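Reading the structure
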There are 2 protein chains.
Amino acid sequence: MVVNLDRLFSRRAMKLKGSEIRELLKLTQLPGMISLAGGLPCPDAFPIEVIRECIEKIFDKHILNALQYGTTEGLPGLRKVLAARMSEKKNIDCEFHDIIITNGAQQALNLLGFTFIEPGDVIITGAPTYLGASQAFHAFEANFESLPVTDDGLDIKSVKRNLKRLQRNKIFPKFIYTVPSFQNPSGVTMSLENRIELLEVASEYDLIIVEDDPYGELVFEGDAIPPIKSLDRKGRVIYMSTFSKILAPGFRLGWIIASEDILNKFILAKQSADLCTNPFGQYIAYEYIKGGYLDPQLDKTRKLYRRKRDVMLEALEKYFPDNVKWTIPRGGMFLWVTFPKRINTRTMFKRAIGKKVAYVVGDAFFPDGSGHNTMRLNFSYSDDEMLTEGIRRLAEAIKEEMASFDLEETIMAELI
Amino acid sequence: MVVNLDRLFSRRAMKLKGSEIRELLKLTQLPGMISLAGGLPCPDAFPIEVIRECIEKIFDKHILNALQYGTTEGLPGLRKVLAARMSEKKNIDCEFHDIIITNGAQQALNLLGFTFIEPGDVIITGAPTYLGASQAFHAFEANFESLPVTDDGLDIKSVKRNLKRLQRNKIFPKFIYTVPSFQNPSGVTMSLENRIELLEVASEYDLIIVEDDPYGELVFEGDAIPPIKSLDRKGRVIYMSTFSKILAPGFRLGWIIASEDILNKFILAKQSADLCTNPFGQYIAYEYIKGGYLDPQLDKTRKLYRRKRDVMLEALEKYFPDNVKWTIPRGGMFLWVTFPKRINTRTMFKRAIGKKVAYVVGDAFFPDGSGHNTMRLNFSYSDDEMLTEGIRRLAEAIKEEMASFDLEETIMAELI
């Protein structure tokens, strides 16, 4: 008898589906393809020599600890230097015991799902929202209330209206998930006013806010807006971030700042999930911050990404048709394009691949499947020439797609 | 209003409890303490110079990939050299696509729980069984059927009897979890006959066997017994192992070999759990195997641990009272002590700590809370002198504990 797996899988496992988007992204590996689809940091932003120095320090000072099991909470030294930085740069009132280290920020999302979400529980996200977050919450069978994202981030009016509606229907959401700075995928940033108001609303309904802040340090111009966590005096905000964009993704290091009761649950959940985050990588991050390497490196990365954004914006101005709109992000790695309603970016994808350029279709970021006329473009990964050429190719695909519609309309008009 | 967390936590999170054992283990950090409690590999077994060489190779050849995100399945190169090794040394018929890399073997246990266990589902384990596994399965609210472990490993007669009983009661377990070689905590090994029979029983009831094999390479004498997976032709066995005991725990690297349908679910679950295992560490493991460093290193580690086991056995013979029994493991890192029924190792723990020696109380390894008269001793971590002195101190504590019982009995006898 062969194993009958359908009988053995859990319901949540039965519901897991392969990401269609990841299937599409496989096409971006074809030769000659320019991919504006991925979400990868630029290899030029990896501080290779600095990492080599940090590793030398590990071999000199910490090698036996770096090779052994570590505590589930994470390396105390790393949590200390992180806490100092979070206090100083982000005005988040915290000490090392308010921080735990995770296996990348994705694990923080997983711990959140594990700790808060029962099947059918409602959570509030933006529409669009980060794909990795919806996957993590989906894995624990959440129901999504996806609310509009405006140029000022998550639409606060809609949040209020819908919380009221949910309350009337005796539905009590578990948390509000938001990426307030340079959101993935839209690139937009929530204003300070909206951050303050969101915290007030969360307080009124006694809700948790999950503030996912992977891009907060990648500010290109103007002052950074204070994180919601810096305004929080009640332990209402769970703050999470990552080393993937300020050091390198390859060590899989993220962190969470939250109240003691919440962290204690996360620690127990993480203990059963993977015992601890890799200590060798944690020592690298520790030496990286302690050695004062982070700020100079961030300066370089900000300049590099700002230039790349400008190159993309310039190409968009030059090549894209007039009736297409895009966001102008003041930081981060992505911008967001909105087409006239008749354009479906999923349909258009094949045409773009034919022109050897790839993007992410926008509806992937809408838990409710809307957003058919949007797309995400990444400007951090490709070099300047590729960015310009990629946008030029994409514009060709767009114009052809629009022309095919015009032609269809002409034919329709003639048939009437 | 302060956040009312009890209303927000999931049921599974509400059930999570701090491990009492971990609290006890904190005592082992006191100055002067000899800990036979932990489960750490010996730092002398870390191939520090080899790791340095592997890292040099990474900087020479793979640094940009090692610092970037990797695929969820794991580094293809690492999976290839692992598959070749598993075929050659373990006679497991596999190729690289039959293997995925996990964030330590603990993540493999977590993926197993996520993918198979609904609240209340029954799983079968040994009694005693590995604590990390029971934590991982407990996190997904499993019900444990814990069956006796004999000198030949999981008691196959009991497995048969209880599967029949469960079937009569219309209870269908999800899987049988076992550590067949040099089990943590008992140190015992399942015979080949029992492995064959276990696979037959699993086939009869169409069940999955989870074979957790972290210590299989640490054979001190005699031939290694083939893994159950090497006997499996139906994709019935999920095999998992780790680099923690053959390289170092600090990179958090484990792997799973399983059938395609099961791996596909694990990959999706892992994608939402942490995207990928740290590529930098994976490249180290890749260069470690590819460079031919593993086998010489294993020879050293086996010799080191065999000597340590012998030192501990000699001390046990010399110092422990006659009415105490222990296992004689032919590999691994642990041995198991059984006392007369009247001894409770949890009660005795304080006395041992007073003598500055620590162990793990045996009942921690029994999901049903039995095993009060047992303890786990680790021989891999401490040096020879500490091992001998630790056992001497422990023997003192045991003799005092026994004497206190004798005294009590004398008093009781006089009172009658």
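Residues numbered from 1 in each chain as written. Chains lettered and ligands numbered in written order. Predicted model: local features only at pLDDT ≥ 70, side-chain atom pairs only at ≥ 80, totals over all residues.

**Notes on helix α7 (residues 156-168) of chain A**
All names here are of chain A. To be explicit about the condition: For the purposes of this entry, the term helix denotes a DSSP run of H or I that reaches at least four residues, the term strand denotes a run of E that reaches at least two, and both are numbered from the N terminus. To estimate the expected span of a helix, subtract one from its residue number and multiply by 1.5 Å. Residue burial is a threshold on neighbouring C-beta atoms within 10 Å of the residue's own C-beta, all placed from the backbone, with 20 or more meaning buried, 12 or fewer meaning exposed, and counts in between meaning partly exposed. Each direction from the helix axis to a C-beta atom contributes to the arc, which is the arc of those directions. Think of it this way: build a C-beta for each residue from its backbone, and any pair within 7 Å is a contact.
With 13 residues, α7 should cover 18 Å at 1.5 Å per step; its first-to-last C-alpha distance of 18 Å lies within 8% of that length. Every buried residue belonging to α7 is among Ile156, Val159 and Leu163, and all of these are buried. Relative to the axis of α7, the buried residues are bounded by an arc of 45° and lie together on one face. In α7, the exposed residues that point more than 90 degrees away from the buried face are Lys157, Arg161, Arg165 and Arg168. The elements touched by buried residues of α7 are β3 (122-127), β4 (143-150), β5 (153-154), β6 (175-178) and α8 (192-204). Lys170 lies just past α7 and shows a positive phi near 55°.

**Quick notes on the sheet that holds strand β14 (residues 374-378) of chain B**
Residues and elements named next belong to chain B. Convention followed: When DSSP finds two or more bridges between a pair of strands, those strands are recorded as paired.
Strand order in the open sheet made by the 4 strands is β10-β11-β14-β13, with antiparallel pairing throughout. Looking at the sheet topology across the chains shown, the edges are occupied by β10 (325-326) and β13 (360-361). In terms of strand pairing, β13 meets β14 through 2 bridges, oriented antiparallel. Directly across from Val360, in β14, lies its bridge partner Arg376.

**Notes on the sheet that holds strand β11 (residues 334-338) of chain A**
Pairing is antiparallel in the open sheet, where 4 strands are placed in the order β10-β11-β14-β13 (chain A). Of all the strands in the sheet, the pair left with one neighbour each is β10 (325-326) and β13 (360-361) of chain A.

**Some details on the relation of the copies chain A and chain B**
Put simply, the two copies of the chain differ by a rotation about an axis and a shift along that axis. Threshold: The superposition of copies rests on a least-squares fit of C-alpha positions from residues with pLDDT of 70 or more in both.
Once chain A has been moved 0.0 Å along the axis and rotated by 180°, it coincides with chain B to within an RMSD of 0.0 Å. What the rotation and shift describe, once combined, is the action of a two-fold rotation axis.

**What to know about the interface of chain A and chain B**
Which entries qualify depends on this criterion: For this scheme, ten residues count as nonpolar: Ala, Val, Leu, Ile, Met, Phe, Trp, Tyr, Cys and Pro. Four count as charged, namely Asp, Glu, Lys and Arg, and the remainder, Gly too, count as polar.
Contact with chain A, which involves 65 residues of that partner, is made by 65 residues of chain B. At the level of secondary structure, the elements contributing two or more residues to the side of chain A that touches chain B comprise α1 (11-15), α3 (48-67), α5 (104-116), α6 (131-139), α9 (260-274) and α10 (279-290) of chain A. The element contributing the most residues to the side of chain A that touches chain B is α9 of chain A, with 9 residues. Its residues assigned to classes, the side of chain A that touches chain B shows 35 nonpolar, 18 polar and 12 charged.

**With respect to the environment of Asp383 of chain A**
Tracing the backbone shows Asp383 of chain A in the loop between β14 (374-378) and α13 (384-415). On the neighbour-count criterion, Asp383 of chain A (14 C-beta atoms within 10 Å) is partly exposed.

**Some details on the packing of helix α4 (residues 76-90) of chain A against α10 of chain A**
Residue and element names in this part refer to chain A. Selection rule: Only the stretch in contact is used when a helix axis is fitted, and all axes are lines through C-alpha atoms; the angle between N-to-C directions ranges over 0 to 180 degrees. Any angle that falls under 35 degrees is termed roughly parallel, while one over 145 is termed roughly antiparallel, one within 65 to 115 roughly perpendicular, and all others oblique. Handedness of a crossing follows from how the near helix is turned relative to the far one, being left-handed for an anticlockwise turn of less than a right angle and right-handed for a clockwise one.
Running from N to C, α4 and α10 cross one another at 40°; their axes reach a closest spacing of 9 Å. Considered as vectors, α4 and α10 are oriented oblique to each other. Our pair here, α4 against α10, has a crossing hand that is left-handed. Residues Gly77, Leu78, Val81, Leu82 and Arg85 of α4 form the contact with α10, whose participating residues are Gln282, Ala285, Tyr286, Ile289 and Lys290. Classifying every residue of the contact of α4 with α10 by side-chain character gives 6 nonpolar, 2 polar and 2 charged.

**A short note on the environment of Arg252 of chain A**
Here Arg252 of chain A lies in the loop between β8 (237-242) and β9 (254-257). Residues Arg252 of chain A and Pro180 of chain A, 72 residues apart in the sequence, show an inter-C-alpha distance of 22 Å. When near neighbours in sequence (up to four residues on either side) are disregarded, Arg252 of chain A contacts Asn103, Gly104, Asn278 and Gly281 of chain A together with Asp274 and Asn278 of chain B.

**Describing the packing of α7 of chain A against α8 of chain A**
Residue and element names in this part refer to chain A. Look at α7 against α8: their axes get within 10 Å of each other, and the N-to-C directions meet at 10°. Judged on the interaxial angle alone, α8 and α7 are roughly parallel. Together, Ile156, Val159, Lys160 and Leu163 of α7 and Asn194, Glu197, Leu198 and Val201 of α8 make up the contact between the two elements. Here the contact of α7 with α8 is built from residues that sort into 5 nonpolar, 1 polar and 2 charged.

**Quick word on the domain arrangement of chain A**
All names here are of chain A. Keep this limit in mind: Where a domain begins and ends is set by an automatic assignment or by a domain database.
You can read the domains of chain A as domain 1 (8-46 + 296-415) and domain 2 (48-294). Centre-to-centre separation of domain 1 and domain 2, based on C-alpha positions: 26 Å. The interface of domain 1 with domain 2 comprises 33 residues on the first partner and 35 residues on the second. Where the side of domain 1 that touches domain 2 is concerned, the elements lending two or more residues are α1, α11 (294-319) and β11. Here the side of domain 1 that touches domain 2 gets 8 residues from one element, more than from any other, and that element is α11.

**Digging into the environment of Asp310 of chain B**
Residue and element names in this part refer to chain B. Following the sequence through the fold, Asp310 ends up in helix α11 (residues 294-319). Among the residues examined, Asp310 registers 14 C-beta atoms within 10 Å and is labelled partly exposed. For the pair formed by Asp310 and Asp384, sequence separation is 74 residues and the distance between their alpha carbons is 9.5 Å.

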